[in-house]
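Coordinates in review
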2 protein chains.
Amino acid sequence: MKSIYLLGAAGSIGLQTLEVLKENPGSYQVIGLSLGSNHEINHEILDTFQPKIACLRTESHLKAYQEAYPTIRFVFGDEGLLDVADYNEPGLFVNALSGSAGLMPTVVAIMSGKDIALANKETLVMAGDTIKKLIKTYDVKLYPIDSEHSALWQTLRGEDPKAIDKLVITASGGSFRHLNRTQLKNVTVKDALKHPNWSMGDKITIDSATMMNKGLEVIEAHHLFDMPYEKIETVLHDESVVHGLTYFIDGTIKASLSISDMKIPIQYALFYPERRPYDKSLKLTNLSFKPMDFVRFPLLKLAYEVGKAGGIMPTVMNAANEAAVHLFLKENISFLEIEQIVMNTVKMHQLIEDPSIEEIIETDKKVQSHIRKIYEKR
Amino acid sequence: MKSIYLLGAAGSIGLQTLEVLKENPGSYQVIGLSLGSNHEINHEILDTFQPKIACLRTESHLKAYQEAYPTIRFVFGDEGLLDVADYNEPGLFVNALSGSAGLMPTVVAIMSGKDIALANKETLVMAGDTIKKLIKTYDVKLYPIDSEHSALWQTLRGEDPKAIDKLVITASGGSFRHLNRTQLKNVTVKDALKHPNWSMGDKITIDSATMMNKGLEVIEAHHLFDMPYEKIETVLHDESVVHGLTYFIDGTIKASLSISDMKIPIQYALFYPERRPYDKSLKLTNLSFKPMDFVRFPLLKLAYEVGKAGGIMPTVMNAANEAAVHLFLKENISFLEIEQIVMNTVKMHQLIEDPSIEEIIETDKKVQSHIRKIYEKR
């Protein structure tokens, strides 16, 4: 049995990863994981998977957990995530954390020799260049878990990267895809959380509605596949059936399709290069494609600019967005203010070329706390 | 430079193969080819490619060609095709002949150690089991040129055959796809030759309208990809943009797309595994898929039955169809009589299991001449 670590085990991707492990018994032993704030779910996870090390959100219930599970080593908070990442056994490190908190654990996991399966977008958005250097230095593997990147990865199986003409990521358009910008003024948090095709966490569902999610994915794809931004396109695709397409220089295109089910890309990353049975096949129906609308979705346009600028700028954009979405979910700001905050923050910030991990993390914290302070007071 | 042979050089696929060679200078030297009945085209081909051996349709103009091209060895007829196939230099043997005449040259080319790029459907339909044994024995490669099989082949790059759930071939439905069976009674040859998406030879255009073409492709796919008939499906797809899809056991699907341009699969076969530039990219628009209609297209249903029966039956079906299409193109029979002739011929014929190449060729000739005799007299 191979060893596996799972950060964000109690989140949407984390729980689906655990389901995949249950459906493929005997393949992986869960060595370490990080839990959430729902104790019932936490206990179920611990009872089922019996890890060697588990990270709690905070210190507050540490003793209770230690008493209930005396054989498990408990750690907590951001430091605890690093303890799991640094745990002294090789294996596959699945990072299903949401937000910038995911970056440092990935760095530490790579440096301790673990292969990485990445659902945390922020790792590559904030520090793609650094991560890629580390991957090389420590000779570990990096697999994507996002459905779009998994799709692209699959279309590239057996292909020479030199034969790629461009990569295309599809976008459903999110909860408000049928609304124009005027209609967006008064939308509510509840409306925003109704994604037409995917059942996901709150943050990513809002990011889908603003198209920031696709922007983050474009930056991720740039790093994952060593592709210049000019060769990464997005297309509107209502049905969320085609997740990614690779255009080759010889006029052919390869597309990867599946139902909207995150267990498919999770399982693919866990068992790559092997394809394990998963009995949820797609019924082929009509598929629609429309050119991306950068006026309707200005944050996607911004993401391309920020990606090309590079350096600290993707971190700034991501931090502003993370703070703004947090404020929107708490109903401190309106939906359209997310865009304004992100665009203004990026405009005001100075470029730092080639930032260190420390600078990246510091900038992320500064930008987020600055925005929260202003708008939480309001 | 690698050596290449091309049978059917003056046909639709042949001429497009020559264009691909012109667009990729310095890659291949044309050693041998077979010509057609248009002397102007023949001369242009000979002037441009200067082969060492060339096969004429008949003996009638042999002398004139010999005098015009004293350095080229001319042969003619079915025997001449075998001389080209048997020519004593290794290389890639492109078989772009139409009809059952393509079988024996493929057999001879394999036995003389040439790799095969196959546009001739009949080779595998009539003698798939034998061809596959020969390919193994003589350790040569077999590449498909048909757009659907090229598409499937591409989706299988880097994949483990054990991970395949099923293969899906798309069908445009041909010239009469919007007509019901009653409306088919009075269609003309001229109407039948108007394929909505592809510009191809007459025989295959008629086969598209009857869906016999898709039936032949299913049998070809069975042999090319070692797939049981239960795992090969067809789907109606108006746009001819997706040419083939592979469903994997893990719930993902890989599709291969391109514009309707045979030069794409030809170039792919010629330079595999390398993808060479070809600047005709697809603009992604809406794609429609409908389940195949076996009542509307009974010859496709028959092809599955005949394929499963195996032995001599695919040869019988193919021969009956070849004769019937010939009669239809000469306006001896109506469009719907093609189906009747093919179905009746298959029904009346006895199964020969594991036929020899000689039995296959004899049966093909017998069936064809029998049908022609009956209907040409009428």
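Residues numbered from 1 in each chain as written. Chains lettered and ligands numbered in written order. Predicted model: local features only at pLDDT ≥ 70, side-chain atom pairs only at ≥ 80, totals over all residues. Heavy atoms only, no water.

1. Observations regarding the packing of helix α12 (residues 298-309) of chain B against helix α14 (residues 335-348) of chain B
Residue and element names in this part refer to chain B. To keep it simple, the criterion reads: Only the contacting stretch of a helix is used when fitting its axis, a line to C-alpha atoms as for every element, and angles between N-to-C directions run 0 to 180 degrees. Secondary structure elements follow DSSP: runs of H or I of four or more residues count as helices, runs of E of two or more count as strands, with numbering from the N terminus. Orientation labels follow simple angle bins: below 35 degrees gives roughly parallel, above 145 gives roughly antiparallel, 65 to 115 gives roughly perpendicular, and whatever is left gives oblique. By convention the crossing between two helices is left-handed if the near helix lies anticlockwise of the far one by an angle smaller than a right angle, and right-handed if it lies clockwise. Whether two residues touch is decided by their heavy atoms; if any such pair falls within 4.5 Å, the residues are in contact. Each residue is assigned to one of three groups, with Ala, Val, Leu, Ile, Met, Phe, Trp, Tyr, Cys and Pro labelled nonpolar, Asp, Glu, Lys and Arg labelled charged, and all others, Gly among them, labelled polar.
Following both chains from N to C, one finds α12 and α14 inclined at 20°, their axes separated by 10 Å at the closest point. In terms of axis orientation, α12 runs roughly parallel to α14. Both α12 and α14 take part in a crossing whose hand is left-handed. On the side of α12, the interface is formed by Pro298, Leu299, Leu302 and Val306, while α14 contributes Glu339, Val342, Met343 and Val346. Each residue belonging to the contact of α12 with α14 can be placed in one class, and the counts come to 7 nonpolar, no polar and 1 charged.

2. Some details on the domain arrangement of chain A
Residue and element names in this part refer to chain A. Short version of the rule: The split of the chain into domains comes from an automatic or database domain assignment. Once two parts are brought into contact, the accessible area they lose, counted with a 1.4 Å probe and summed over both, makes up the buried area. Within this document, salt bridges are pairs made up of a side-chain nitrogen of Lys or Arg and a carboxyl oxygen of Asp or Glu, the two lying within 4 Å of each other. Any pair of N or O atoms that falls within 3.5 Å is considered a polar contact. Within protein, one atom must be able to donate a hydrogen and the other to accept it, and sequence-neighbouring residues count only if both atoms are side-chain atoms.
When cut into domains, chain A gives domain 1 (2-144), domain 2 (151-308) and domain 3 (310-378). With centres defined by C-alpha atoms, the gap from domain 1 to domain 3 works out at 26 Å. The partner domain 3 presents 11 residues to the 11 residues of domain 1 that form the contact. Regarding the contact of domain 1 and domain 3, the summed buried area is about 850 Å², with carbon and sulfur atoms giving 62% of it. If you sort the residues of domain 1 by the area they bury against domain 3, Ser100, Val125 and Met126 come out on top, with a joint share of 51%. Applying the counting rule to domain 1 against domain 3 returns 0 salt bridges. At the boundary of domain 1 with domain 3, the tally comes to 4 residue pairs in polar contact (both at pLDDT 80 or more). Top contributing element to the side of domain 1 that touches domain 3 by residue count: helix α6 (residues 121-137), with 6 residues. Looking at the side of domain 1 that touches domain 3 residue by residue, the class counts come to 6 nonpolar, 3 polar and 2 charged.

3. Regarding the interface of chain B and chain A
Selection rule: We treat two strands as partners when DSSP finds at least two bridges between them.
On the chain A side, the residues contacting the 35 residues of chain B number 35 residues. Note on chain B versus chain A: buried area summed over both sides is about 3,200 Å², and carbon and sulfur give 53% of it. Taken together, the connections running from chain B to chain A amount to 6 salt bridges. With a closest N to O distance of 2.8 Å, Arg275 of chain A and Glu159 of chain B form a salt bridge. Mapped onto the side of chain B that touches chain A, the elements with two or more residues apiece are α7 (147-155), β10 (242-248), β11 (253-257) and α11 (263-271) of chain B. Take the side of chain B that touches chain A: its biggest share by element is 5 residues, from β11 of chain B. Residues that form the side of chain B that touches chain A fall into these classes: 16 nonpolar, 12 polar and 7 charged. With 5 bridges joining them, strand β11 (residues 253-257) of chain A and β11 of chain B adopt antiparallel strand pairing. From the neighbouring strand, Ala255 of chain A faces β11 of chain B, where its bridge partner is Ala255 of chain B.

4. Side note on unusual backbone geometry
What counts here: Partly exposed residues are those whose accessible area sits between 20% and 50% of the maximum for their type, while under 20% is buried and over 50% is exposed, using a 1.4 Å probe and protein chains only.
Cis rather than trans, the peptide bond between Tyr272 of chain A and Pro273 of chain A has omega equal to 5°. Residue position: Pro273 of chain A is located in the loop between α11 (263-271) and β12 (290-291). At Gln50 of chain A, a residue that is not glycine, the phi angle is positive and equals roughly 40°. Its place among the elements puts Gln50 of chain A in the loop between α2 (39-49) and β3 (53-56). Here Asp226 of chain B, not a glycine, exhibits a phi torsion of approximately 50°, which is positive. Mapped onto the secondary structure, Asp226 of chain B falls in the loop between α10 (212-224) and β9 (232-236). Under the relative-accessibility criterion, Asp226 of chain B is labelled exposed at 56%.

5. Focus on the pattern of salt bridges
Under the criterion given, the structure shown has 48 salt bridges over all chains. A salt bridge links Lys162 of chain B to Asp160 of chain B, with the shortest nitrogen-to-oxygen separation between them at 3.6 Å. With relative accessibility at 68%, the residue Lys162 of chain B sits in the exposed group. Via salt bridges that share partners, Lys121, Asp146, Glu148, Lys214 and Glu217 of chain A belong to a single interconnected network.

6. Comments concerning the sheet that holds strand β2 (residues 28-34) of chain B
Note on sheets: strands pair through backbone hydrogen bonds, and any given pair is parallel or antiparallel. All names here are of chain B. One open sheet holds the 7 strands; their spatial order is β4-β3-β2-β1-β5-β6-β7, and the pairing between them is parallel. Looking at strand neighbours, the two that pair on one side only are β4 (73-76) and β7 (142-144), the edges of this open sheet. Adjacent strand axes in the sheet meet at a mean angle of 25° when their direction is disregarded. In the sheet, strand β3 (residues 53-56) pairs with β4 via 4 bridges, with the strands oriented parallel. Of the residues in β4, the one forming a bridge with Leu56 is Phe76. Contacts between α11 and the sheet are confined to β1 (2-7), β2, β5 (92-95), β6 (115-118) and β7, with β5 contributing the most and set at about 155° to the helix.

7. Considerations on a negative patch on the surface
Here is the rule: Each patch groups residues whose relative accessible area exceeds 30% and which form no salt bridge, using 9 Å between like charges and 5 Å between nonpolar side chains of Val, Leu, Ile, Met, Phe, Trp and Tyr. To be clear on the numbers: accessible area is Shrake-Rupley with a 1.4 Å probe, and residue cover counts the displayed protein chains and nothing else. When charges are counted, neither His nor the chain ends are considered; positive counts come from Lys and Arg and negative counts from Asp and Glu. Lysine's charge is taken at NZ, arginine's at CZ, aspartate's at CG and glutamate's at CD.
Together, Asp129, Glu353, Asp354, Glu358 and Glu359 of chain A line one region of the surface with negative charge. Along the chain, Asp129 of chain A turns up in helix α6.

8. Quick look at the relation of the copies chain B and chain A
For the record, the criterion: Here the copies were fitted onto each other by least squares, based on C-alpha atoms from residues at pLDDT of at least 70 in both.
Each copy superposes on the other: chain B lies on chain A with an RMSD of 0.0 Å after a rotation of 180° and an axial shift of 0.0 Å. Such a combination of rotation and displacement between the chain copies is what one expects of a two-fold axis. Considering only C-alpha atoms, the residue of chain B closest to the rotation axis is Gly158 of chain B, which sits at 2.0 Å. An overlap of 100% is found between the interface residues of chain B and their copies at the interface of chain A, pointing to a shared contact surface.

9. Quick look at the pairing of strand β8 (residues 164-171) of chain A
Residues and elements named next belong to chain A. In terms of burial, β8 is largely enclosed, as 7 of its 8 residues are buried. Relative to strand β10 (residues 242-248), β8 runs antiparallel, the two sharing 5 bridges. Among the inter-strand pairings, Lys166 is bridged to a residue of β10, identified as Tyr247. Where β8 lies against strand β9 (residues 232-236), 5 bridges are found, and the strand directions are parallel. Looking across to β9, one finds that Val168 is bridged to Glu233.

10. Brief notes about the environment of Val295 of chain B
With respect to the secondary-structure elements, Val295 of chain B resides in the loop between β12 (290-291) and α12. Placed 239 residues apart in sequence, Val295 of chain B and Leu56 of chain B show a C-alpha to C-alpha distance of 42 Å.

11. A look at the sheet that holds β3 of chain A
All names here are of chain A. Across the sheet, 7 strands lie side by side as β4-β3-β2-β1-β5-β6-β7; this open sheet has parallel pairing. Strands with a single pairing partner mark the edges of an open sheet, and in this sheet they are β4 (73-76) and β7 (142-144). Averaged over all pairs of adjacent strands, the angle between strand axes in this sheet comes to 25°, irrespective of strand direction. Pairing geometry for strand β6 (residues 115-118) and β7, over 3 bridges, is parallel. Looking at β7, one finds that Ala117 is bridged to Tyr143.

12. Concerning helix α2 (residues 39-49) of chain B
Residues and elements named next belong to chain B. For clarity, the cut-off: The arc refers to the directions leading from the helix axis to the C-beta atoms.
The set of residues buried in α2 consists of Asn42, Ile45, Leu46 and Phe49. All buried residues of α2 fall inside an arc of 95° around its axis, so they share one side. Among the exposed residues of α2, those oriented more than 90 degrees off its buried face are Glu40 and Glu44. Buried residues in α2 make contact with α1 (12-23), β2, β3, α3 (62-68) and β4. Near the N-terminus of α2, the side chain that reaches the backbone nitrogen of Glu40, with its oxygen 3.0 Å away, is that of Asn38. Positive phi shows up at Gln50, right after α2, with a value of about 45°.

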